[in-house]
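Residues per chain, in single letters:
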Amino acid sequence: MRILYFDIDTLRPDHLGCYGYGRNTSPNIDEIARQGVRFTDYYCSDAPCLPSRAALMTGRFGIHTGCIGHGGWNAEMRPEGHERGMADFNGRYNLPAVMRRAGMKTASVSSFPDRHAAWWFNGGFDESYNVGKRGLEPGDDVYPIAVDWLERNKDRDSWFLHVHLWDPHIPYRTPESYGKPFENDPLPDNWMSDEILNEHRSTKPGAHSAMEVNGYSPEKDAAHPRQITQINNLDDFKTMIDEYDTGIQYADRCVGIILDKLREIGKFDDTCIIISSDHGECLGECGSYCEHGEADYATTHIPLIIKWKGCAQNAVSSGFHYNVDLLPTLIDLIGNVPPFKCNRVVGKPNPVTYDGESFAQNVINGSDGGREFLVVSQCAHVCQRSVRFGRWLYMRTYHDGYHLSEEDELFDIENDPHETKNLAEEYPEVCWHGAWYLEHWVARNMLSNIHNYRTDPLWEVIGDGGPFHCRGYLANYCTRLEETGRADLAARLKSEHPQEYSVSY
């Protein structure tokens, strides 16, 4: 069996043609969707980049692995302690380790482990390729390595190849020579208005706000001329969307080149192809621009397309799934995966417990089905947990990341996918329902925690000084707010975060 996994960073489903987008961003991805199953309700359990891939690779929630941030203690996996053998979990039971145990040659083309010092990500891969640009490389640096690997392994019957394309991630890095393919195209989903934008500019501070798209200041980086730094008007908003869509189309072009190589070596038809992402992107949602810094719908909702030999084609499956569900799903689809044998564990098909639940039957027949609800988390830019159930997303904020977010927010995702109206006061009973799901989920997962850890990593992040991307910025940022006519926002931030205001680096 051959499996090709396209990991396209920061990819929103609603900007792909196969998910109904009106621009020609994804012809090659759309073709794979026509030959497989497209999942409409697939989410990363933990956002953004590092926590999401930790969950994907281990099949476990961040509340269990502890890896929920981008720095400090919680950018690491929790130690296994006394029970650790000569190889740790990621050398034995993570996604590529399982593929290897199933007899596959495993390889990854990604700079992700280097960018985040996530060396555990390489566990289970026989070969790992890093172009050395720590996530700033365009797809033209990536696809030649994948094409070369396919050529060298064209006679191999069984392999798993992971290919990571960063192009939709900021800073937008599509080469200028590629042009501006959407410059003269209207926006397919023109939801932004002057009223919403002006509200964001005047009431929504923080990193990656409309006034400071690149972080805490609007400084331009000459190395990335495509990256917009402020959203001053609707023309700027369109420019941002145009550049994001250009990054998707550019990544899709690289996908097409790799697929063409598969066809050239005669392996396309019997190769299983998976296309997904680590997280989505806020493009104005919740007042956040060019960032994946919330536990909201725009950030946690990701695409999943699976073309699997002998399974459903041109099918659409609805139902809630996490990315942690993919590992047990692949185990079921592959079938007869040999157990990992060691002195302590012999003969058990799975000597570990994954948080993921298999949805293999939905892949096989394209049927609907999934979980009753999902709990998704973000602790790198803010500390939030959200519950996705029915048509709703209930979001609870524990640390606002200097965005001045409400503690409780409720969005009707079916009718307001861009999260423009907080309905918490209008529907308190729905918030109570979401809070009930959240409390039971936390309690259940704390009771089932691995290695006897009894601390919730979300509170570890708060105790460690707050989300990593906020630490040490508040004092200087408040000065900027005061200098740009937003002293009222600075006063509120000082009042709400007095201890953090006194700390600067």
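Going by the structure above, here's the rest.
Not measured: the values here are computed from a predicted model.

S.K.: I'm lost on the overall build of the protein chain in this one. Help?
M.R.: Helices and strands together make up the secondary structure of the protein chain, namely 17 helices and 16 strands. For 505 residues, the compact-globule formula gives about 23 Å, and the C-alpha radius of gyration of the protein chain, at 22 Å, lands near that figure. For the protein chain, the spread of C-alpha atoms along the principal axes amounts to about 65 × 55 × 40 Å. Here the protein chain holds 505 residues, and 61% of them are scored as buried. Counting only contacts in the protein chain whose residues sit at least 6 apart along the sequence, the fraction spanning at least 24 positions is 71%.

S.K.: Please clarify how the pairing of strand β14 (residues 383–389) should be interpreted in this entry.
M.R.: Along a regular strand, successive side chains alternate from one face of the sheet to the other. By the criterion of burial, β14 is predominantly enclosed, with seven of the seven residues buried. Where burial is concerned, the two faces of β14 agree: the one with C383, R385, V387 and F389 and the one with Q384, S386 and R388 are both buried. In terms of strand pairing, strand β13 (residues 373–378) meets β14 through six bridges, oriented antiparallel. Counted as the bridge partner of S377 is R385 from β14. In this structure, the hairpin formed by β13 and β14 is closed by a connection of four residues. Strand direction decides the pairing type here: β14 and strand β15 (residues 392–399), joined by seven bridges, are antiparallel. Within the sheet, the bridge partner assigned to C383 lies in β15 and is H399. The hairpin turn running from β14 into β15, its antiparallel successor, is two residues long, and G390 in that turn takes a positive phi close to 55°.

S.K.: Help me understand the pattern of salt bridges in this model?
M.R.: Between side chains of opposite charge, a pair can form as their charged atoms come close. Per the counting criterion, the structure on display carries 36 salt bridges. Two residues, E357 and R371, come together in a salt bridge whose shortest N-O distance is 3.4 Å. Of the two residues, E357 sits in the loop between α11 (326–334) and α12 (360–365) while R371 sits in the loop between α12 and β13, which places them 14 residues apart along the sequence. Between D412 and R391 there is a salt bridge, with its nearest N and O atoms 3.0 Å apart. Residue D412 is found in strand β16 (residues 408–412), and its partner R391 is found in the loop between β14 and β15; the two are separated by 21 residues along the sequence. Classification of D412 as buried rests on a relative accessible area of 7%. The exposure class assigned to R391 is partly exposed, which follows from its relative accessible area of 30%. The network of salt bridges with common partners includes D7, D9, R53 and D278.

S.K.: In this structure, what is going on with the nonpolar core? I would like to understand it.
M.R.: Note on soluble globular proteins: their nonpolar side chains tend to be buried together. L4, F6 and M240 are the most contacted members of the largest nonpolar core, which has 53 residues in total. Take this core: its biggest share by element is eleven residues, from helix α9 (residues 234–264). C272, V352, Y354 and F359 belong to the second-largest nonpolar core, a separate cluster that totals 48 residues.

S.K.: I tried to follow the packing of aromatic side chains on my own but got confused; where do I start?
M.R.: To describe a pair of aromatic rings, you give the distance between the ring centres and the angle between the ring planes. Considering all chains together, one arrives at 24 aromatic pairs under this definition. Ring plane angle 90° and centroid distance 5.9 Å describe the contact between W191 and F237, whose orientation is recorded as edge-to-face. One end of the pair, W191, is in the loop between β6 (159–165) and α8 (194–203); the other, F237, is in helix α9, with 46 residues separating them in the sequence. No difference in accessibility class separates W191 from F237, as the two residues are buried. Each member of the aromatic cluster is reached from another via a ring pair, and the members are F112, W120, F121, F125 and F160.

S.K.: Any chance you could explain helix α7 (residues 143–152) here in plain terms?
M.R.: Residue pairs spaced three or four apart in an α-helix point in one direction, given the helix's 3.6 residues per turn. Where α7 is concerned, the buried positions are Y143, A146, V147, W149 and L150. The arc enclosing the buried residues of α7, seen along the axis, measures out at 160°, which places them on a common side. On the buried face of α7, the contacting elements are β4 (105–109), β5 (127–129), β6 and α9.

S.K.: Before we go on, may I ask you to explain the pairing of β16 in this structure?
M.R.: Among the five residues of β16, four are classified as buried, and the element is accordingly described as predominantly covered. Here β15 runs beside β16; their pairing, made up of five bridges, is antiparallel. If you follow R396 over to β16, its bridge partner there is D408.

S.K.: I'm lost on the environment of Y322 in this one. Help?
M.R.: Inspection of the secondary structure assignment puts Y322 in strand β12 (residues 321–322). Judged by relative accessible area, which is 1%, Y322 ranks as buried. A C-alpha to C-alpha distance of 5.8 Å links Y322 and S45, two positions 277 residues apart in sequence. Contact partners of Y322, with chain neighbours within four places excluded, come to Y42, Y43, S45, F61, R371, F373, L374, V375, V376 and W441.

S.K.: Please clarify how the environment of R454 should be interpreted in this entry.
M.R.: Assignment of secondary structure puts R454 in the loop between α13 (428–447) and α14 (457–463). A residue is classified by how much of its surface remains accessible, and R454, at 48% relative accessible area, is partly exposed. Sequence separation of R454 and H64 is 390 residues, and the distance between their C-alpha atoms is 9.6 Å.

The rules behind each value
Residues numbered from 1 in each chain as written. Predicted model: local features only at pLDDT ≥ 70, side-chain atom pairs only at ≥ 80, totals over all residues. Heavy atoms only, no water. Helix = DSSP H or I, 4+ residues; strand = E, 2+ residues; numbered from the N terminus. Rg over C-alpha atoms; globule rule 2.2 N^0.38 Å. Buried < 20%, exposed > 50% of the residue type's maximum accessible area, 1.4 Å probe, protein only. Contact = heavy atoms within 4.5 Å. Pairing = 2+ DSSP bridges. Salt bridge = Lys/Arg side-chain N within 4 Å of Asp/Glu carboxyl O. Core = buried A, V, L, I, M, F, W, Y, C linked by side-chain atoms within 4.5 Å. Phe/Tyr/Trp six-rings, centres within 6.5 Å; stacked < 30°, edge-to-face > 60°. Arc of directions from axis to C-beta.

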